[in-house]
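Geometric and topological summary
As a plain string of letters, each chain reads:
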Amino acid sequence: MINEFSRPISVLLHMLFVVSALLCPRTVAAGGDDIVDRELAARLQELGFTGNIEATLEKRLNRAVNPARANLGRLLWFDTITGLNNDNTCAGCHSPTRGFGDTQSIAIGIDNNGIVGPDRAGPRNQRRTPMAINTAFYPNLMWNSRFASLANDPFNNTLGFLFPPPEDLTLSYLPHLLVAQAFIPPTERTEAAGFDFPGDNYAIRAEVLRRLNATPVYRELFGRVFPEVAQGANITFDMFGKAIAEFEFTLVFADAPIDQFARGHKNALTLNQQRGALLFFGKARCVECHAVSGQANEMFSDFKEHVIGVPQIAPAVGNVPFDGPGADEDFGLEQVTGLAEDRYKFRTSPLRNAALQPAFFRNGCFTRLEDAIRHHLDVFSSARNYDPLNAGVAADLMVFRGPIDPVL
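Described below are features of the structure shown in this document. (Residues numbered from 1 in each chain as written. Predicted model: local features only at pLDDT ≥ 70, side-chain atom pairs only at ≥ 80, totals over all residues. Heavy atoms only, no water.)

Scanning the protein for helices and strands turns up 17 helices and seven strands. Along the first, second and third principal axes, the C-alpha set of the protein runs to 65 × 50 × 40 Å. Going through the 408 residues of the protein one by one, you find that 56% of them count as buried. A sequence separation of at least 24 residues applies to 65% of the contacts in the protein between residues at least 6 apart. Looking at the protein as shown, the accessible area adds up to about 16,700 Å², and 54% of this sits on carbon and sulfur atoms. One finds the centroid of the 37 positive side-chain charges in the protein at a distance of 3 Å from the centroid of its 45 negative side-chain charges. (Helix = DSSP H or I, 4+ residues; strand = E, 2+ residues; numbered from the N terminus. Buried < 20%, exposed > 50% of the residue type's maximum accessible area, 1.4 Å probe, protein only. Contact = heavy atoms within 4.5 Å. Areas by Shrake-Rupley, 256 points an atom, 1.4 Å probe, with all protein chains shown as cover. Lys, Arg positive; Asp, Glu negative; His and termini not counted. Charge placed at Lys NZ, Arg CZ, Asp CG, Glu CD.)

Here you go:
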(Lines give C-alpha, C1' and ligand atoms only; values in the text may rest on other atoms or scores of the structure.)
Protein backbone atom coordinates (compact mmCIF):
# COMPACT_ATOMS: atom_id res chain seq x y z
CA MET A 1 0.00 0.00 0.00
CA ILE A 2 2.91 2.31 0.67
CA ASN A 3 4.19 2.20 -2.88
CA GLU A 4 1.15 3.92 -4.28
CA PHE A 5 2.07 7.00 -2.30
CA SER A 6 5.45 7.33 -4.03
CA ARG A 7 5.82 10.34 -6.31
CA PRO A 8 8.45 11.42 -8.83
CA ILE A 9 10.79 13.84 -7.10
CA SER A 10 10.26 16.36 -9.90
CA VAL A 11 6.79 17.26 -8.65
CA LEU A 12 7.97 18.39 -5.21
CA LEU A 13 8.30 22.11 -5.79
CA HIS A 14 5.00 22.28 -7.64
CA MET A 15 3.24 20.48 -4.79
CA LEU A 16 4.71 22.97 -2.35
CA PHE A 17 3.10 25.78 -4.29
CA VAL A 18 -0.26 24.11 -3.94
CA VAL A 19 -0.24 23.24 -0.26
CA SER A 20 1.37 26.38 1.11
CA ALA A 21 -0.10 28.93 -1.28
CA LEU A 22 -3.40 27.63 -2.59
CA LEU A 23 -4.89 26.61 0.71
CA CYS A 24 -4.09 29.60 2.91
CA PRO A 25 -6.70 32.38 2.66
CA ARG A 26 -4.93 35.29 0.99
CA THR A 27 -4.84 36.98 -2.39
CA VAL A 28 -2.05 36.03 -4.78
CA ALA A 29 -0.63 38.06 -7.66
CA ALA A 30 -2.09 37.48 -11.10
CA GLY A 31 -0.55 35.23 -13.70
CA GLY A 32 -1.15 32.24 -15.90
CA ASP A 33 -1.94 31.48 -19.49
CA ASP A 34 -5.11 30.43 -21.21
CA ILE A 35 -4.17 26.77 -21.73
CA VAL A 36 -3.34 26.12 -18.08
CA ASP A 37 -6.38 28.18 -17.02
CA ARG A 38 -8.68 26.04 -19.11
CA GLU A 39 -7.10 22.73 -18.05
CA LEU A 40 -7.33 23.57 -14.35
CA ALA A 41 -10.86 24.94 -14.61
CA ALA A 42 -11.95 21.78 -16.44
CA ARG A 43 -10.33 19.51 -13.86
CA LEU A 44 -11.97 21.35 -10.95
CA GLN A 45 -15.33 21.13 -12.71
CA GLU A 46 -14.78 17.42 -13.27
CA LEU A 47 -14.14 16.96 -9.55
CA GLY A 48 -17.15 19.06 -8.61
CA PHE A 49 -15.02 21.63 -6.79
CA THR A 50 -16.99 24.89 -6.68
CA GLY A 51 -15.02 27.11 -4.31
CA ASN A 52 -18.36 28.00 -2.69
CA ILE A 53 -18.32 25.72 0.35
CA GLU A 54 -17.95 28.58 2.84
CA ALA A 55 -21.12 30.21 1.55
CA THR A 56 -23.18 27.04 2.14
CA LEU A 57 -22.85 26.97 5.95
CA GLU A 58 -26.01 28.81 6.92
CA LYS A 59 -28.07 27.09 4.23
CA ARG A 60 -27.02 23.70 5.61
CA LEU A 61 -27.67 24.84 9.16
CA ASN A 62 -31.07 26.06 7.91
CA ARG A 63 -30.57 29.27 9.90
CA ALA A 64 -28.19 32.16 10.40
CA VAL A 65 -25.25 31.85 12.79
CA ASN A 66 -26.28 33.39 16.14
CA PRO A 67 -23.69 36.03 17.20
CA ALA A 68 -24.72 36.05 20.87
CA ARG A 69 -24.53 32.28 21.14
CA ALA A 70 -21.18 32.26 19.30
CA ASN A 71 -19.80 34.89 21.69
CA LEU A 72 -20.86 32.76 24.66
CA GLY A 73 -19.05 29.82 23.07
CA ARG A 74 -15.98 32.00 22.57
CA LEU A 75 -15.88 32.88 26.28
CA LEU A 76 -16.24 29.23 27.25
CA TRP A 77 -13.50 28.30 24.75
CA PHE A 78 -10.96 30.36 26.67
CA ASP A 79 -12.19 29.73 30.25
CA THR A 80 -10.75 27.02 32.53
CA ILE A 81 -14.06 26.76 34.37
CA THR A 82 -15.08 23.72 32.32
CA GLY A 83 -11.77 21.93 32.94
CA LEU A 84 -11.85 20.22 36.33
CA ASN A 85 -8.05 20.24 36.51
CA ASN A 86 -8.34 24.06 36.41
CA ASP A 87 -5.41 24.54 34.06
CA ASN A 88 -6.56 23.90 30.49
CA THR A 89 -9.17 25.11 28.07
CA CYS A 90 -10.10 24.44 24.46
CA ALA A 91 -7.70 27.24 23.52
CA GLY A 92 -4.79 25.63 25.34
CA CYS A 93 -4.51 23.14 22.49
CA HIS A 94 -6.65 24.84 19.80
CA SER A 95 -4.73 28.10 19.81
CA PRO A 96 -5.90 31.13 17.82
CA THR A 97 -2.21 31.83 17.10
CA ARG A 98 -2.10 28.67 14.96
CA GLY A 99 -5.40 28.71 13.15
CA PHE A 100 -7.09 27.19 16.21
CA GLY A 101 -4.73 24.23 15.98
CA ASP A 102 -1.84 23.14 18.14
CA THR A 103 1.43 24.94 18.79
CA GLN A 104 3.05 21.56 19.51
CA SER A 105 3.92 18.38 17.63
CA ILE A 106 2.08 16.36 20.29
CA ALA A 107 -0.52 18.04 22.45
CA ILE A 108 0.09 19.16 26.03
CA GLY A 109 -3.16 19.18 28.00
CA ILE A 110 -3.43 19.13 31.79
CA ASP A 111 -0.56 19.94 34.18
CA ASN A 112 0.81 22.46 31.69
CA ASN A 113 2.90 25.51 32.55
CA GLY A 114 0.14 28.00 31.75
CA ILE A 115 1.67 29.06 28.43
CA VAL A 116 0.10 28.71 25.00
CA GLY A 117 2.68 28.75 22.25
CA PRO A 118 6.09 27.29 21.45
CA ASP A 119 7.16 27.48 25.13
CA ARG A 120 4.24 25.40 26.36
CA ALA A 121 5.48 22.54 28.57
CA GLY A 122 4.05 19.61 30.49
CA PRO A 123 3.23 15.93 30.02
CA ARG A 124 2.13 15.18 26.48
CA ASN A 125 -0.84 13.30 25.11
CA GLN A 126 -0.59 10.90 22.16
CA ARG A 127 -1.21 13.00 19.05
CA ARG A 128 -1.13 16.45 17.55
CA THR A 129 -4.23 18.56 18.09
CA PRO A 130 -5.86 19.21 14.70
CA MET A 131 -7.17 22.62 13.69
CA ALA A 132 -10.71 23.49 14.76
CA ILE A 133 -11.30 25.82 11.82
CA ASN A 134 -13.61 24.49 9.10
CA THR A 135 -14.62 21.50 11.25
CA ALA A 136 -18.25 22.47 10.64
CA PHE A 137 -17.89 20.56 7.34
CA TYR A 138 -16.08 17.46 8.64
CA PRO A 139 -18.15 14.22 8.52
CA ASN A 140 -15.90 12.73 11.20
CA LEU A 141 -13.46 14.08 13.76
CA MET A 142 -10.18 13.04 15.41
CA TRP A 143 -7.18 11.28 13.92
CA ASN A 144 -8.84 7.87 14.22
CA SER A 145 -12.31 9.14 13.18
CA ARG A 146 -13.80 8.03 16.49
CA PHE A 147 -16.47 10.75 16.41
CA ALA A 148 -18.53 10.34 13.26
CA SER A 149 -21.79 11.06 11.52
CA LEU A 150 -23.01 7.72 10.23
CA ALA A 151 -24.62 9.57 7.34
CA ASN A 152 -21.18 10.99 6.45
CA ASP A 153 -22.68 14.45 6.87
CA PRO A 154 -22.11 16.51 10.04
CA PHE A 155 -25.37 18.36 9.46
CA ASN A 156 -27.36 15.09 9.32
CA ASN A 157 -28.18 13.12 12.49
CA THR A 158 -30.74 10.80 10.93
CA LEU A 159 -28.44 7.74 11.08
CA GLY A 160 -26.86 8.88 14.33
CA PHE A 161 -23.63 10.36 15.62
CA LEU A 162 -21.33 7.57 16.79
CA PHE A 163 -18.91 8.00 19.69
CA PRO A 164 -16.88 5.52 21.74
CA PRO A 165 -18.50 4.16 24.91
CA PRO A 166 -20.12 5.23 27.11
CA GLU A 167 -21.77 7.71 24.72
CA ASP A 168 -22.14 5.44 21.66
CA LEU A 169 -25.22 6.79 19.80
CA THR A 170 -26.77 8.64 22.75
CA LEU A 171 -25.81 12.08 21.41
CA SER A 172 -27.57 11.53 18.08
CA TYR A 173 -30.50 13.77 18.99
CA LEU A 174 -28.27 16.84 18.75
CA PRO A 175 -28.48 18.94 15.55
CA HIS A 176 -24.84 18.86 14.39
CA LEU A 177 -21.79 16.68 14.93
CA LEU A 178 -19.91 19.60 16.54
CA VAL A 179 -22.65 20.06 19.13
CA ALA A 180 -22.33 16.40 20.07
CA GLN A 181 -18.52 16.49 20.01
CA ALA A 182 -18.49 19.36 22.53
CA PHE A 183 -19.72 16.90 25.16
CA ILE A 184 -16.43 15.01 25.09
CA PRO A 185 -13.38 17.26 25.78
CA PRO A 186 -14.43 18.26 29.33
CA THR A 187 -14.59 14.55 30.20
CA GLU A 188 -11.15 13.70 28.81
CA ARG A 189 -8.81 13.17 31.77
CA THR A 190 -5.65 14.18 29.91
CA GLU A 191 -7.21 17.16 28.14
CA ALA A 192 -9.25 18.93 30.80
CA ALA A 193 -10.69 16.81 33.64
CA GLY A 194 -7.50 15.58 35.28
CA PHE A 195 -7.16 12.40 37.29
CA ASP A 196 -8.30 13.54 40.76
CA PHE A 197 -12.05 13.98 40.27
CA PRO A 198 -13.90 10.67 40.85
CA GLY A 199 -16.69 9.41 38.64
CA ASP A 200 -17.51 8.75 35.00
CA ASN A 201 -18.20 11.07 32.07
CA TYR A 202 -21.67 11.86 33.38
CA ALA A 203 -20.35 12.79 36.82
CA ILE A 204 -17.73 15.04 35.25
CA ARG A 205 -20.35 16.83 33.17
CA ALA A 206 -22.54 17.25 36.22
CA GLU A 207 -19.67 18.98 38.03
CA VAL A 208 -19.00 21.24 35.05
CA LEU A 209 -22.67 22.23 35.04
CA ARG A 210 -22.58 22.84 38.80
CA ARG A 211 -19.71 25.27 38.28
CA LEU A 212 -21.49 27.10 35.47
CA ASN A 213 -24.78 27.32 37.33
CA ALA A 214 -22.97 28.61 40.42
CA THR A 215 -21.41 31.47 38.44
CA PRO A 216 -23.81 34.46 38.21
CA VAL A 217 -22.12 35.94 35.13
CA TYR A 218 -22.53 32.69 33.19
CA ARG A 219 -26.16 32.38 34.26
CA GLU A 220 -26.70 35.87 32.89
CA LEU A 221 -24.86 35.12 29.65
CA PHE A 222 -26.65 31.81 29.09
CA GLY A 223 -29.93 33.56 29.92
CA ARG A 224 -29.40 36.01 27.06
CA VAL A 225 -29.17 33.12 24.60
CA PHE A 226 -31.44 30.50 26.18
CA PRO A 227 -34.65 32.11 27.54
CA GLU A 228 -35.36 29.18 29.86
CA VAL A 229 -32.23 29.99 31.87
CA ALA A 230 -33.39 33.60 32.25
CA GLN A 231 -36.65 32.18 33.58
CA GLY A 232 -34.83 30.15 36.25
CA ALA A 233 -33.96 26.85 34.55
CA ASN A 234 -30.52 25.33 34.97
CA ILE A 235 -27.82 25.51 32.31
CA THR A 236 -27.64 22.14 30.58
CA PHE A 237 -24.88 20.42 28.61
CA ASP A 238 -27.02 20.68 25.48
CA MET A 239 -26.73 24.45 25.88
CA PHE A 240 -22.98 24.23 26.48
CA GLY A 241 -22.52 22.10 23.37
CA LYS A 242 -24.60 24.43 21.23
CA ALA A 243 -22.60 27.46 22.39
CA ILE A 244 -19.22 25.83 21.70
CA ALA A 245 -20.38 24.62 18.27
CA GLU A 246 -21.77 28.05 17.41
CA PHE A 247 -18.36 29.58 18.04
CA GLU A 248 -16.82 26.92 15.80
CA PHE A 249 -19.34 27.84 13.09
CA THR A 250 -17.69 31.28 13.02
CA LEU A 251 -14.31 29.60 12.34
CA VAL A 252 -15.04 28.73 8.72
CA PHE A 253 -12.22 30.01 6.51
CA ALA A 254 -12.55 28.48 3.07
CA ASP A 255 -11.97 31.31 0.63
CA ALA A 256 -8.45 30.51 -0.53
CA PRO A 257 -7.05 31.46 -3.97
CA ILE A 258 -8.05 28.04 -5.31
CA ASP A 259 -11.66 28.75 -4.25
CA GLN A 260 -11.55 32.13 -5.95
CA PHE A 261 -10.13 30.54 -9.10
CA ALA A 262 -12.91 27.94 -9.13
CA ARG A 263 -15.45 30.75 -8.92
CA GLY A 264 -14.02 32.29 -12.08
CA HIS A 265 -11.34 34.66 -10.77
CA LYS A 266 -8.56 33.48 -13.09
CA ASN A 267 -6.02 35.93 -11.72
CA ALA A 268 -6.28 34.51 -8.19
CA LEU A 269 -3.41 32.09 -8.94
CA THR A 270 0.01 32.55 -10.46
CA LEU A 271 1.02 30.38 -13.39
CA ASN A 272 3.24 28.23 -11.17
CA GLN A 273 0.40 27.73 -8.70
CA GLN A 274 -1.93 26.71 -11.50
CA ARG A 275 0.64 24.18 -12.71
CA GLY A 276 1.03 22.88 -9.18
CA ALA A 277 -2.73 22.60 -8.87
CA LEU A 278 -2.89 20.56 -12.07
CA LEU A 279 -0.35 18.15 -10.57
CA PHE A 280 -2.17 18.05 -7.23
CA PHE A 281 -5.54 17.34 -8.83
CA GLY A 282 -4.12 15.10 -11.54
CA LYS A 283 -0.87 13.28 -12.23
CA ALA A 284 0.57 13.53 -8.71
CA ARG A 285 -2.62 11.91 -7.35
CA CYS A 286 -2.65 13.99 -4.14
CA VAL A 287 -6.39 14.50 -4.52
CA GLU A 288 -7.02 10.76 -4.24
CA CYS A 289 -6.64 11.05 -0.45
CA HIS A 290 -6.81 14.83 -0.04
CA ALA A 291 -10.19 14.74 -1.73
CA VAL A 292 -12.53 17.62 -2.53
CA SER A 293 -15.56 15.80 -3.94
CA GLY A 294 -18.73 14.54 -2.29
CA GLN A 295 -18.59 14.06 1.46
CA ALA A 296 -15.15 15.72 1.48
CA ASN A 297 -17.03 19.03 1.38
CA GLU A 298 -14.08 20.60 -0.48
CA MET A 299 -11.95 20.14 2.66
CA PHE A 300 -9.05 18.32 0.94
CA SER A 301 -9.53 15.02 2.78
CA ASP A 302 -11.35 11.81 1.98
CA PHE A 303 -11.96 11.46 5.74
CA LYS A 304 -10.83 7.85 5.52
CA GLU A 305 -7.97 6.09 7.30
CA HIS A 306 -4.72 5.04 5.64
CA VAL A 307 -1.24 3.77 6.52
CA ILE A 308 1.36 6.13 5.08
CA GLY A 309 4.49 5.03 6.93
CA VAL A 310 4.74 7.91 9.40
CA PRO A 311 7.72 7.57 11.78
CA GLN A 312 6.71 6.73 15.34
CA ILE A 313 7.82 9.08 18.09
CA ALA A 314 6.77 9.15 21.74
CA PRO A 315 7.31 11.76 24.47
CA ALA A 316 9.73 11.43 27.37
CA VAL A 317 6.90 12.32 29.77
CA GLY A 318 3.29 11.74 28.90
CA ASN A 319 -0.21 11.34 30.27
CA VAL A 320 -1.29 8.65 27.79
CA PRO A 321 0.04 5.08 27.70
CA PHE A 322 1.31 4.29 24.22
CA ASP A 323 0.77 0.98 22.41
CA GLY A 324 3.11 -1.89 21.67
CA PRO A 325 5.59 -3.91 23.74
CA GLY A 326 7.86 -0.89 24.10
CA ALA A 327 4.99 1.50 24.90
CA ASP A 328 6.25 3.68 22.06
CA GLU A 329 3.67 3.01 19.30
CA ASP A 330 0.30 4.41 18.28
CA PHE A 331 -2.02 1.77 16.81
CA GLY A 332 -4.46 4.37 15.46
CA LEU A 333 -7.78 3.07 14.14
CA GLU A 334 -7.20 -0.33 15.76
CA GLN A 335 -7.85 1.36 19.11
CA VAL A 336 -11.40 2.03 17.89
CA THR A 337 -12.24 -1.12 15.92
CA GLY A 338 -10.10 -3.72 17.68
CA LEU A 339 -9.09 -5.06 14.25
CA ALA A 340 -5.43 -5.85 13.60
CA GLU A 341 -5.77 -4.80 9.96
CA ASP A 342 -6.55 -1.27 11.15
CA ARG A 343 -3.24 -0.88 12.97
CA TYR A 344 -1.33 2.33 12.12
CA LYS A 345 -4.25 3.72 10.11
CA PHE A 346 -5.06 7.40 10.56
CA ARG A 347 -7.47 9.74 8.88
CA THR A 348 -6.23 11.84 5.96
CA SER A 349 -5.44 15.30 7.28
CA PRO A 350 -7.50 18.10 5.69
CA LEU A 351 -5.13 20.56 4.03
CA ARG A 352 -6.95 23.87 4.30
CA ASN A 353 -4.74 26.45 6.02
CA ALA A 354 -1.93 23.90 6.28
CA ALA A 355 0.61 26.73 6.06
CA LEU A 356 -0.43 27.73 9.60
CA GLN A 357 0.52 24.37 11.13
CA PRO A 358 3.67 24.08 13.25
CA ALA A 359 3.96 20.36 12.51
CA PHE A 360 2.55 17.66 10.22
CA PHE A 361 1.04 14.18 10.45
CA ARG A 362 -0.81 12.87 13.49
CA ASN A 363 2.26 13.03 15.76
CA GLY A 364 3.88 16.15 14.35
CA CYS A 365 7.04 14.20 13.49
CA PHE A 366 7.89 16.71 10.74
CA THR A 367 7.88 20.44 11.41
CA ARG A 368 8.41 21.67 7.84
CA LEU A 369 5.86 21.31 5.08
CA GLU A 370 8.54 20.44 2.54
CA ASP A 371 9.67 17.50 4.69
CA ALA A 372 6.12 16.21 4.99
CA ILE A 373 5.77 16.25 1.21
CA ARG A 374 9.17 14.64 0.68
CA HIS A 375 8.06 11.81 2.97
CA HIS A 376 5.31 10.94 0.47
CA LEU A 377 7.80 10.90 -2.39
CA ASP A 378 9.88 8.05 -0.91
CA VAL A 379 8.14 6.65 2.14
CA PHE A 380 10.50 3.76 2.88
CA SER A 381 13.64 5.88 2.73
CA SER A 382 12.06 8.71 4.69
CA ALA A 383 10.74 6.47 7.46
CA ARG A 384 13.90 4.38 7.85
CA ASN A 385 16.22 7.37 7.82
CA TYR A 386 14.07 9.62 9.99
CA ASP A 387 16.10 11.89 12.27
CA PRO A 388 14.01 13.77 14.87
CA LEU A 389 16.76 16.37 15.30
CA ASN A 390 16.77 17.22 11.61
CA ALA A 391 12.97 17.09 11.60
CA GLY A 392 12.93 19.87 14.20
CA VAL A 393 10.77 18.27 16.90
CA ALA A 394 11.10 19.29 20.55
CA ALA A 395 13.85 17.70 22.63
CA ASP A 396 11.45 15.63 24.72
CA LEU A 397 10.19 13.98 21.51
CA MET A 398 13.64 12.80 20.50
CA VAL A 399 13.95 10.24 23.31
CA PHE A 400 11.67 7.36 22.24
CA ARG A 401 11.25 5.98 18.73
CA GLY A 402 8.78 3.24 17.96
CA PRO A 403 9.64 0.46 15.47
CA ILE A 404 9.11 1.39 11.83
CA ASP A 405 9.24 -1.97 10.05
CA PRO A 406 5.81 -3.09 11.32
CA VAL A 407 4.39 0.18 9.93
CA LEU A 408 6.04 -0.33 6.55
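From this point, the discussion proceeds with the structure in view.
Within the secondary structure layout, His 375 lies in helix α15 (residues 369–377). A polar contact is formed between the side chain of His 375 and the backbone oxygen of Gly 309, at a distance of 3.3 Å. Residues contacting His 375, with those up to four places away along its chain left out, are Ile 308, Gly 309, Val 310, Pro 311, Phe 361, Phe 366, Ser 382 and Ala 383. (Polar contact = N/O pair within 3.5 Å; in protein donor to acceptor, adjacent residues only side chain to side chain.)

Summed over the entire model, instances satisfying the criterion amount to three cavities of 30 Å³ or more. Its residues placed into classes, the lining of the second largest cavity shows six nonpolar, two polar and three charged. (1 Å grid on protein atoms, 1.4 Å probe; cavity = no way out; pocket = protein on both sides within 12 Å on 5 of 7 lines; lining within 4 Å. Points joined across faces, edges and corners; volume = space filled by probe spheres on them. Nonpolar A, V, L, I, M, F, W, Y, C, P; charged D, E, K, R; others polar.)

Bringing the sheet that holds strand β2 (residues 147–149) into the picture now. Strand order across the open sheet formed by three strands is β1-β2-β3, with antiparallel pairing between neighbours. Single-partner strands in this sheet number two, and they are β1 (140–141) and β3 (161–162). One ladder, built from two bridges, connects β1 with β2; its direction is antiparallel. In the sheet register, Leu 141 faces β2, and the bridge partner there is Phe 147. (Pairing = 2+ DSSP bridges.)

All right, on to unusual backbone geometry then. Between Pro 165 and the following residue, Pro 166, the backbone shows a cis peptide bond with an omega angle of 10°. Following the sequence through the fold, Pro 166 ends up in the loop between β3 and α6 (177–181). Notably, Met 142 is not glycine yet its phi reads approximately 85°, a positive angle. Not every positive phi belongs to a glycine, and Glu 298 is a case in point at roughly 60°. Inspection of the secondary structure assignment puts Glu 298 in the loop between α13 (271–281) and β4 (305–306).

The geometry of two aromatic rings is summed up by the distance between their centres and the angle between their planes. Inspection of the entire model under this criterion finds 18 aromatic pairs. Ring centres of Phe 237 and Phe 240 lie 4.8 Å apart, and the angle between their planes is 55°; on these two criteria the pair is classed as tilted. Here Phe 237 and its partner Phe 240 are both found in helix α11 (residues 237–249), three residues apart, which amounts to about one turn of the helix. When sorted by exposure, Phe 237 lands in the same class as Phe 240, which is buried. Ring pairing ties together the aromatic residues Phe 49, Phe 280, Phe 281 and Phe 300, which thus form one cluster. Lying over the aromatic face of Tyr 202, Arg 205 brings its terminal NZ or CZ to 5.5 Å of the ring centre. Just above the ring of Phe 237 sits the side chain of Arg 205; from NZ or CZ to the centre is 5.9 Å. (Phe/Tyr/Trp six-rings, centres within 6.5 Å; stacked < 30°, edge-to-face > 60°. Lys NZ or Arg CZ within 6 Å of the ring centre and 35° of its normal.)

Under the defined criterion, the tally for this structure stands at 19 salt bridges. Residue Arg 224 is joined to Glu 220 by a salt bridge in which the shortest nitrogen-to-oxygen separation is 2.6 Å. A residue pair is termed a helical-turn pair when its members lie 3 or 4 positions apart in one helix, as Arg 224 and Glu 220 do in helix α9 (residues 216–225) at four residues. Looking at Arg 224, the relative accessible area reads 58%, which means it is exposed. Overall, the relative accessible area of 45% leaves Glu 220 in the partly exposed class. Here the salt bridges do not stand alone but share partners, grouping Arg 63, Arg 69 and Glu 246 into one network. (Salt bridge = Lys/Arg side-chain N within 4 Å of Asp/Glu carboxyl O.)

Here we come to the state of the cysteines. Under the counting rule described, the total for this entry stands at zero disulfides. Cys 289 forms no disulfide, and the closest cysteine sulfur to it belongs to Cys 286, at a distance of 9.3 Å. (Disulfide = S-S within 2.5 Å.)

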